[in-house]
Amino acid sequence: MCFLHSTVPVVDNRNSNVALQDTDEIFQLPLGVPLIDTPNGRVLYITRHGESMYNLENRIGGNPSLSNRGQQYAQKLGQYVNKNLKFDKVWTSELSRTLETSAHIKDIEKKRIMKPELNEIMSGIFDDLSYEEFKDQSPIEYKERELNKLTYRYPEGESYLDVCSRIEPVMSEMDTGENLLVICHQAVIRCILARLQRTPAIEIPYIKVPLHSLLKITYLNGQNTVEVIPLNVACVSTYRPKTDPTLLSGLGDSKLELKALTKVSSELKKTSLESPKINTNKLKADEREH
Ligand code: F6P
């Protein structure tokens, strides 16, 4: 196995002023616990697809192809992987943009495994809309999502919490220690990183996952370190910071905040009951060691 050593910045998504103790208690452990069998030195590479036509238009979901710059990223990724890394398996979602991004990796047809669990968050009835169109067509839904991005479930679609549960089966497979490159999507990678880095749940929808960068994730002595390796192909930023609630006050129903907050609280309770089972004895032992 030949991994390139690079002096790239380490991302630490855990620094934040958010202080929702209840939420952390409920989510941090189930989502953050490294799996018991994770071997020391296990390295995963994860990347988003190259810039898509929808990224250029600020659109959500759908099944767009790559932009010209996205195709350049696919070529650069292929060159980088073929020269520096060796993977037996490359996981992609089922969507065109991740398949196109994998296209230049040597022997990709033999290595590629498509996983529906890695598809982007389902935006249901708002699929294919731009954020502006979403806001104009359904200001109340838009506002509800902006206020509660973690628990908001798109009508006929998913919430971040749904995505976190949906990826659980592949998380276990990811930790087996095999060389692996994963090519998927912004929301899904946020959930994966949160799981690997013990990020408080409330911060998941705001984790920064830039386009056109490889994330190298190394598990050592009980924790995962994430390094960002930019491949230097220009692209848009799709990052959306947390909206100041006062800026949303003109949108929709004024009673919405209360309704939305009540919903978060009941969703959190419900989800805690449905959280994946963890071995708490092992967890306590791990906590003592670190
Ligand atoms: O904008 C790109 C994208 O992958 C969309 O397809 C998806 O809906 C979105 O990111 C998820 O990010 P956010 O939760 O910040 O809207």
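Here the structure is a predicted model, which means the values were calculated and not measured.

Asks: Give a description of the pattern of salt bridges that names residues and reports values.
Replies: Considering all chains together, one arrives at 13 salt bridges under this definition. Lys-110 is the partner of Asp-107 in a salt bridge, and the nearest nitrogen-oxygen pair spans 3.9 Å. The salt bridge involving Glu-132 is made with Lys-135; its shortest N-O contact spans 3.9 Å. Here Glu-132 pairs with Lys-135, and both are found in helix H6 (residues 131-137), just 3 residues apart, close to one helical turn. Classification of Glu-132 as partly exposed rests on a relative accessible area of 48%. Taking relative accessible area as the criterion, Lys-135 reaches 27% and is therefore assigned partly exposed. Salt bridges linked by common partners bring Glu-57, Arg-59 and Glu-133 together as one network.

Asks: Can you lay out unusual backbone geometry for me, pointing to particular residues and giving the numbers?
Replies: The phi torsion at Asn-58 lies on the positive side, around 65 degrees, for a residue other than glycine. Relative to the helices and strands, Asn-58 is located in the loop between helix H2 (53-57) and helix H3 (68-84). Since its relative accessible area comes to 41%, Asn-58 is described here as partly exposed. With a phi close to 65 degrees, Glu-156 is a non-glycine residue in the positive phi region. Following the sequence through the fold, Glu-156 ends up in the loop between helix H7 (139-147) and helix H8 (160-166).

Asks: Report on helix H10 (residues 186-197), specifying residues and quantitative values.
Replies: When the terminal C-alpha atoms of H10 are compared, their 16 Å separation across 12 residues agrees well with the 16 Å that a helix rising 1.5 Å per residue should span. Burial runs high along H10: 12 of the 12 residues are buried. All buried positions along H10 are accounted for by Gln-186, Ala-187, Val-188, Ile-189, Arg-190, Cys-191, Ile-192, Leu-193, Ala-194, Arg-195, Leu-196 and Gln-197. Arg-198 lies just past H10 and shows a positive phi near 60 degrees.

Asks: Can you lay out the state of the cysteines for me, pointing to particular residues and giving the numbers?
Replies: All chains considered together, the criterion is met by 0 disulfides. Cys-191 provides the cysteine sulfur closest to Cys-164, a residue in no disulfide bond, and the two sulfurs are 3.2 Å apart. Residue class for Cys-164 comes out buried when judged on its relative accessible area of 5%.

Calculation rules
- Residues numbered from 1 in each chain as written.
- Predicted model: local features only at pLDDT ≥ 70, side-chain atom pairs only at ≥ 80, totals over all residues.
- Heavy atoms only, no water.
- Salt bridge = Lys/Arg side-chain N within 4 Å of Asp/Glu carboxyl O.
- Helix = DSSP H or I, 4+ residues; strand = E, 2+ residues; numbered from the N terminus.
- Buried < 20%, exposed > 50% of the residue type's maximum accessible area, 1.4 Å probe, protein only.
- Expected span 1.5 Å × (residues − 1).
- Disulfide = S-S within 2.5 Å.

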